[in-house]
Amino acid sequence: MPGRAQQGALKPRSPLTGQSRTKLTKSPVGSAFPHDFIDQYGRQVEKTYIIQPDRSLIIAHRQYKPIRFFGD
């Protein structure tokens, strides 16, 4: 699909709010960090990224947690 990022490869300024480009530049290659958020469907998503030598990110782990309603 045109305009779509390569599977598993994101640029450092991708959807990681609060993770500045400076931090990615200073972090050692091979460092892993988590990113937890709620997606557009209300699911909790846990992702772990690894910094590559070219400072791009790969997703090392992705887990979707079920939508929970009160009383579940």
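What this report covers is the structure whose coordinates are included nearby. Bear in mind the structure is a predicted one, so any value in this text is a computation, not a measurement.

### Things to note about the nonpolar core
Okay, step 1: Formed by Leu-24, Phe-33, Tyr-49, Ile-51 and Leu-57, the largest nonpolar core amounts to 5 residues.
Okay, step 2: If we ignore the near neighbours within four places in the chain, the residues touching Ile-51 are Leu-24, Ser-27, Pro-28, Val-29, Gly-30, Ser-31, Phe-33, Ser-56 and Leu-57.

### Observations concerning the pattern of salt bridges
Okay, step 1: Taken as a whole and judged by the stated rule, the model has 2 salt bridges.
Okay, step 2: Across the pair Asp-39 and Arg-43 runs a salt bridge whose closest N-O atoms are separated by 2.8 Å.
Okay, step 3: On the accessibility criterion, Asp-39 (10% relative accessible area) is buried.
Okay, step 4: Residue class for Arg-43 comes out partly exposed when judged on its relative accessible area of 27%.
Okay, step 5: Across the salt bridge formed by Glu-46 and Lys-65, the nearest N and O atoms sit 3.1 Å from each other. Of this pair, Glu-46 sits in strand β3 (residues 44-51) while Lys-65 sits in strand β4 (residues 57-65), placing them 19 residues apart in sequence.

### Let's talk about the pairing of β4
Okay, step 1: Bridge analysis of β3 against β4 gives 8 bridges, and the strand direction is antiparallel. Each bridged residue has a counterpart across the sheet, and for Ile-51 the counterpart in β4 is Leu-57.
Okay, step 2: Taking the residues between adjacent antiparallel strands as the criterion, β3 and β4 are bridged by 5 residues, where Arg-55 takes a positive phi near 75°.

Reading the values: the criteria
- Residues numbered from 1 in each chain as written.
- Predicted model: local features only at pLDDT ≥ 70, side-chain atom pairs only at ≥ 80, totals over all residues.
- Heavy atoms only, no water.
- Core = buried A, V, L, I, M, F, W, Y, C linked by side-chain atoms within 4.5 Å.
- Buried < 20%, exposed > 50% of the residue type's maximum accessible area, 1.4 Å probe, protein only.
- Contact = heavy atoms within 4.5 Å.
- Salt bridge = Lys/Arg side-chain N within 4 Å of Asp/Glu carboxyl O.
- Helix = DSSP H or I, 4+ residues; strand = E, 2+ residues; numbered from the N terminus.
- Pairing = 2+ DSSP bridges.

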